[in-house]
Amino acid sequence: FQGDRSHFYDQLVDRGVPVSRTVGICYMLAAVFAGVAWIGAIDIARLGWSVLLYAALIAVMIALLIRHGFVRVDRPRETKPDPPDVSPGA
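J.: Mind laying out the layout of surface pockets, listing which residues take part and the relevant values?
T.: The volume enclosed by the largest pocket comes to roughly 300 Å³. Lining the largest pocket are 13 residues, and of these Phe8, Leu29, Met61, Leu65 and Phe70 sit closest to its centre. Of all the secondary structure elements, the ones that give two or more residues to the lining of the largest pocket are helix H1 (8–14), helix H2 (19–42) and helix H3 (47–67). In the lining of the largest pocket, the residues fall into nine nonpolar, four polar and no charged.

If you want it as structure tokens, here you go:
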């Protein structure tokens, strides 16, 4: 377990967004997700629309994250096998 700078907040700051604006963006996103959850809780009688709304929000968020380069796939490093132990007396 080692810390990294791949969190959304850190990526915004690393891209030059001021900390105050980064915090505002994080609060705005939290409010959007809370609003969608609230709408879904109120409109529980029509579950189909709530699921569609959640799916659309998730799809938009994933598309935006990919488009702006926030998603990075780390591929495992190739490990080369250790060379055979060659001793002079073997």
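Still more ground to cover, so stick around.
J.: Got a sec to walk through the packing of aromatic side chains? Specific residues and values, please.
T.: Overall, the coordinates contain one aromatic pair when judged by the stated rule. When the ring centre of Phe70 is taken as reference, the NZ or CZ atom of Arg15 above it lies at 4.0 Å.

J.: Give a description of the pattern of salt bridges that names residues and reports values.
T.: If you walk through the whole model with that rule in mind, you get two salt bridges. Here Arg5 and Asp10 are joined by a salt bridge, their closest N and O atoms 3.5 Å apart. Across the pair Arg5 and Asp14 runs a salt bridge, and its minimum N-O distance is 2.7 Å. Residue Arg5 is classed as partly exposed on the basis of its relative accessible area of 48%. For Asp14, a relative accessible area of 49% puts it in the partly exposed group.

Cut-offs used in this document
Residue positions are given per chain, counted from 1 along the sequence in the order it is written. Per-residue local features of the predicted model are confined to residues with pLDDT of at least 70, and side-chain atom pairs are confined, for both listing and counting, to 80 or more; whole-chain, interface and lining totals are unaffected and use all residues. The side-chain values count all of the structure's non-hydrogen atoms but skip hydrogen atoms and water molecules. Definitions used throughout: a 1 Å grid over protein atoms alone; a cavity as a set of points that fits a 1.4 Å probe which cannot get out; a pocket as an open set with protein on both sides within 12 Å along at least five of seven lines; a lining residue as one with an atom within 4 Å of a point. Grid points are joined across faces, edges and corners, and a volume is the space filled by probe spheres set on the points. Going along the chain from the N terminus, every DSSP run of H or I of four or more residues is numbered as a helix, and every run of E of two or more is numbered as a strand. Put simply, Ala, Val, Leu, Ile, Met, Phe, Trp, Tyr, Cys and Pro go in the nonpolar bin, Asp, Glu, Lys and Arg in the charged bin, and everything else, Gly too, in the polar bin. Each aromatic pair joins two rings of Phe, Tyr and Trp (for Trp, the six-membered one) with centres within 6.5 Å, and gets the label stacked for planes under 30 degrees apart, edge-to-face for over 60, and tilted for any other angle. For a Lys NZ or an Arg CZ to count as sitting over a ring, it must be within 6 Å of the ring centre and within 35 degrees of the ring normal. Whenever a carboxyl oxygen of Asp or Glu lies within 4 Å of a side-chain nitrogen of Lys or Arg, that contact is scored as a salt bridge. Relative accessible area decides the class of each residue, using a 1.4 Å probe on protein chains only: under 20% of the type maximum gives buried, over 50% gives exposed, and in between gives partly exposed.

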